[in-house]
Amino acid sequence: MADAISVIPASVLRNLSEKLYEKRKNAALEIEGIVKQLASTGDHDKISAVINLLSKEFTYSSQSNHRKGGLIGLAAATVALSSEAAQHLEQLVPPVLNSLSDQDSRVRYYACEALYNIAKVVRGDFIIFFNQIFDALCKLSADSDPNVQSAAHLLDSLVKDIVTESDQFSIEEFIPLLRERMNVLNPYVRQFLVGWITVLDSVPDIDMLGFLPDFLDGLFNMLSDSSREIRQQADSALSEFLQEIKNSPSVDYGRMTEILVQRAASPDEFTRLTAISWINEFVKLGGDQLVPYYADILGAILPCISDKEEKIRVVARETNEELFSIKADPAEGFDVGAVLSIARRQLDSEWEATRIEALHWISTLLDRHRSEVLCFLNDIFDTLLKALSDSSDEVVLLVLDIHACIAQDPLNFRQLVVFLVHNFRVDHSLLERRGALIVCRLCVLLDAERVYRELSTILEGEANLDFACIMVQALNLILLTSSELSKLRELLKQSHSNAAGKDLFVSLYASWCHSPIAIISLCLLAQTYQHASSVIQSLVEEDINAKFLVQLDKLIRLLETPVFTYLRLQVCMCYFLFLAPPSQA
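Source: prediction; values computed, not measured.

Concerning the overall build of the chain
Assigned secondary structure in the chain consists of 32 helices and zero strands. Against the globule reference of 25 Å for 585 residues, the chain gives a C-alpha radius of gyration of 43 Å, more extended than a compact globule. Viewed in the frame of its principal axes, the chain has a C-alpha envelope of about 150 × 45 × 40 Å. Out of the 585 residues belonging to the chain, those deemed buried represent 50%. A sequence separation of at least 24 residues applies to 70% of the contacts in the chain between residues at least 6 apart. Total accessible area computed for the chain in this model is approximately 27600 Å², and 51% of it derives from carbon and sulfur atoms.

Pasting the structure below:
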């Protein structure tokens, strides 16, 4: 300290702490001259003493004017040292960095100015302090004083120039600094960060693409910023990176896919569109790398298929088709269970289009990986049964197609029919609204005779007699009126002459007995008229209630339909042959 005082006149030190800027500036010029003289003689010990004096007695002083003077003095000393300044950086830079967070905005301003002058002199040697400087600049970018912001912006531009021309800059050390600041909401800080990302990405020797997963989420977060300028800057940076990905032979798709999947569910429309567009490109480019992430990708795509924005729906559907076209194998890491789980969850979506595509995926998985899907049957079966109550006919038909595919195995067929009857039992409205659709579709897909035989077997032992009666009446009405069951009706009509028809009649008979009207209908259809007559006569002993009369009315109406045309003709023939007067016969 004594060495410094001996070379710097007291008047200079006094002026350096003056309130007037001109006096401090003149004092700094004198210090510049003194340091320049010392440098010319190579007296670096005294130079160190001068820097030490300026730091401790001035920049760390409790008086703001002292701190301002100290900063100007340090900058002057650096200018004086010129090419020899690098060896004193450890002394010069720390006190200036400390002043960047000073409570006095003018001190912060002078600190920016001082650091700018130091950086301008030492250039590349400045890199050793980059992390601390970046941290300080990040904070200063959101400074409350516009003048400080302006000074920090000039310093930032210079530091960027130094970094881009330096071969000592460590991107590996920089990325953690960037990553931990990417979710800051301050608009000035966001502009600052995007600016650095863009500048570093433009340097050929710096591989920012390799570290993109570390800050990709932050960039996507900026797409929903309230500032249009920030949204545009983030979008521009993302567009540039996507182009680089398309041209790069090696990309870490996995980590980025996880980010994109989350962002595809963003409440912000622009963020969703950008995320789903990236996913679309990844599916086209990623190949085998994306196989383990197919379930996550599907989980992002399916909701977007029903997005309120058409652009998002279009891209989501295109991406879905791309995924459909890729025939991945479990041996390659394709997780059938995970994809199936995603499709199952989306069956609870409020949007019909999403539910339909989810069913298409389940159907496709059954077609391509049947054995694997059947291993998870217990996980999806209840959901598929629940889907039979869906408000959409298209959804119900697709669900039935899947059930029919599963039911190709005898055990699964039995389970399907048992569960179906159970669902009808606990939800009578399902039987009323969807009964005919479900039964007819299953008859088409699984063979009508097989379906009816199984239903009859189950209903024969039904403990709930009221339900059994209702169910049999419904099945009987479907049998008599549905075009899909025309062959089954023809077979029953041949029960007298055809063993298969007789066997079917016997198979249905026991369960049809739960409903008097149903058994009469079955007998009339099978042309077992004598037995039908016996059943009708036995009804005299039964309690005739309103429900019975309603069913009887339905039967009478059915007798007038084309299904029973043959019966009416037979009645006419009998009348003319046996009952009509001779003149009419």
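Some words on the side chain of serine 99
By secondary structure assignment, the location of serine 99 is in helix α6 (residues 89-99). Reaching out from serine 99, the side chain makes a polar contact with the backbone oxygen of proline 95 at a distance of 3.0 Å. With near-sequence residues (within four places) excluded, serine 99 lies in contact with Thr59, Leu71, Val107, Arg108 and Ala111.

Some points on the pattern of salt bridges
Using the criterion set out here, one finds 25 salt bridges in the structure. Here aspartate 143 ties to arginine 108 by a salt bridge, and the two come within 2.8 Å at their closest N and O atoms. Placement of aspartate 143 in the loop between α8 (130-140) and α9 (146-165) and of arginine 108 in helix α7 (residues 105-122) is noted, with a sequence separation of 35 residues between them. As far as the burial class goes, aspartate 143 and arginine 108 line up, both buried. Of the charged contacts in the structure, one is a salt bridge between arginine 441 and aspartate 401, with a shortest N-O distance of 3.0 Å. With arginine 441 in helix α24 (residues 428-446) and aspartate 401 in helix α22 (residues 393-406), this residue pair connects regions lying 40 residues apart in the sequence. Each member of the salt-bridge network shares a partner with another, and the members are Asp135, Lys139, Glu180 and Arg181.

Some remarks on the packing of aromatic side chains
In this structure the tally under the stated criterion is 20 aromatic pairs. Summarising the aromatic geometry, the rings of phenylalanine 134 and phenylalanine 192 are spaced 5.2 Å apart at their centres and angled 40° between planes, so their arrangement reads as tilted. Taken together, the positions of phenylalanine 134 in helix α8 and phenylalanine 192 in helix α11 (residues 187-201) put the pair 58 residues apart, joining distant regions of the chain. Grouping aromatic residues by their ring pairs yields a cluster made of Phe130, Phe134, Phe169, Phe174, Phe192 and Trp196. Looking at arginine 106, its charged tip hangs above the ring of tyrosine 109, at a distance of 4.7 Å from the centre. The lysine or arginine in question, arginine 450, covers the ring of phenylalanine 413, its NZ or CZ lying 3.8 Å from the ring centre.

Remarks on the packing of helix α16 (residues 294-304) against helix α18 (residues 336-346)
Between two packed helices, both the angle of their axes relative to each other and the distance between the axes serve to describe the pair. Remark: α16 packs on α18, axes separated minimally by 8 Å, with the N-to-C direction vectors making an angle of 20°. For the element pair α16 / α18, the angle class is roughly parallel. The element α16 and its partner α18 pack so that their crossing is right-handed. Mapping the contact onto sequence places Tyr294, Ala295, Leu298, Gly299, Leu302 and Pro303 in α16 and Ala338, Val339, Ile342 and Gln346 in α18.

Describing the packing of α6 against α7
Between α6 and α7, the least distance of the axes is 8 Å, while the angle of their chain directions is 150°. Judged by the inter-axis angle, α6 sits roughly antiparallel to α7. In this structure, α6 meets α7 at a crossing whose hand is left-handed. For the pair α6 and α7, contact is made by Leu89, Leu92, Val93, Val96, Leu97 and Ser99 and by Val107, Arg108, Ala111, Ala114, Leu115, Ile118 and Val122, respectively. Residue composition of the contact of α6 with α7, by class: eleven nonpolar, one polar and one charged.

Describing unusual backbone geometry
Positioned with a positive phi, serine 82 is a non-glycine residue whose angle comes to about 55°. Relative to the elements of secondary structure, serine 82 occurs in the loop between α5 (64-81) and α6. Notably, glutamine 527 is not glycine yet its phi reads approximately 65°, a positive angle. By secondary structure assignment, the location of glutamine 527 is in the loop between α29 (516-525) and α30 (529-538).

Some thoughts on helix α17 (residues 310-325)
When the terminal C-alpha atoms of α17 are compared, their 23 Å separation across 16 residues agrees well with the 22 Å that a helix rising 1.5 Å per residue should span. Burial in α17 covers these residues: Ile312, Val315, Ala316, Thr319, Asn320, Leu323 and Phe324.

Some details on the environment of valine 79
Along the chain, valine 79 falls in helix α5. Each residue touching valine 79, except ones within four places of it in the same chain, is listed here: Glu32 and Val121.

Reading the values: the criteria
- Residues numbered from 1 in each chain as written.
- Predicted model: local features only at pLDDT ≥ 70, side-chain atom pairs only at ≥ 80, totals over all residues.
- Heavy atoms only, no water.
- Helix = DSSP H or I, 4+ residues; strand = E, 2+ residues; numbered from the N terminus.
- Rg over C-alpha atoms; globule rule 2.2 N^0.38 Å.
- Buried < 20%, exposed > 50% of the residue type's maximum accessible area, 1.4 Å probe, protein only.
- Contact = heavy atoms within 4.5 Å.
- Areas by Shrake-Rupley, 256 points an atom, 1.4 Å probe, with all protein chains shown as cover.
- Polar contact = N/O pair within 3.5 Å; in protein donor to acceptor, adjacent residues only side chain to side chain.
- Salt bridge = Lys/Arg side-chain N within 4 Å of Asp/Glu carboxyl O.
- Phe/Tyr/Trp six-rings, centres within 6.5 Å; stacked < 30°, edge-to-face > 60°.
- Lys NZ or Arg CZ within 6 Å of the ring centre and 35° of its normal.
- Axes fitted to C-alpha atoms, helices over the stretch in contact; angles between N-to-C directions.
- Parallel < 35°, antiparallel > 145°, perpendicular 65-115°, else oblique.
- Left-handed = near helix turned anticlockwise from the far one by under 90°.
- Nonpolar A, V, L, I, M, F, W, Y, C, P; charged D, E, K, R; others polar.
- Expected span 1.5 Å × (residues − 1).

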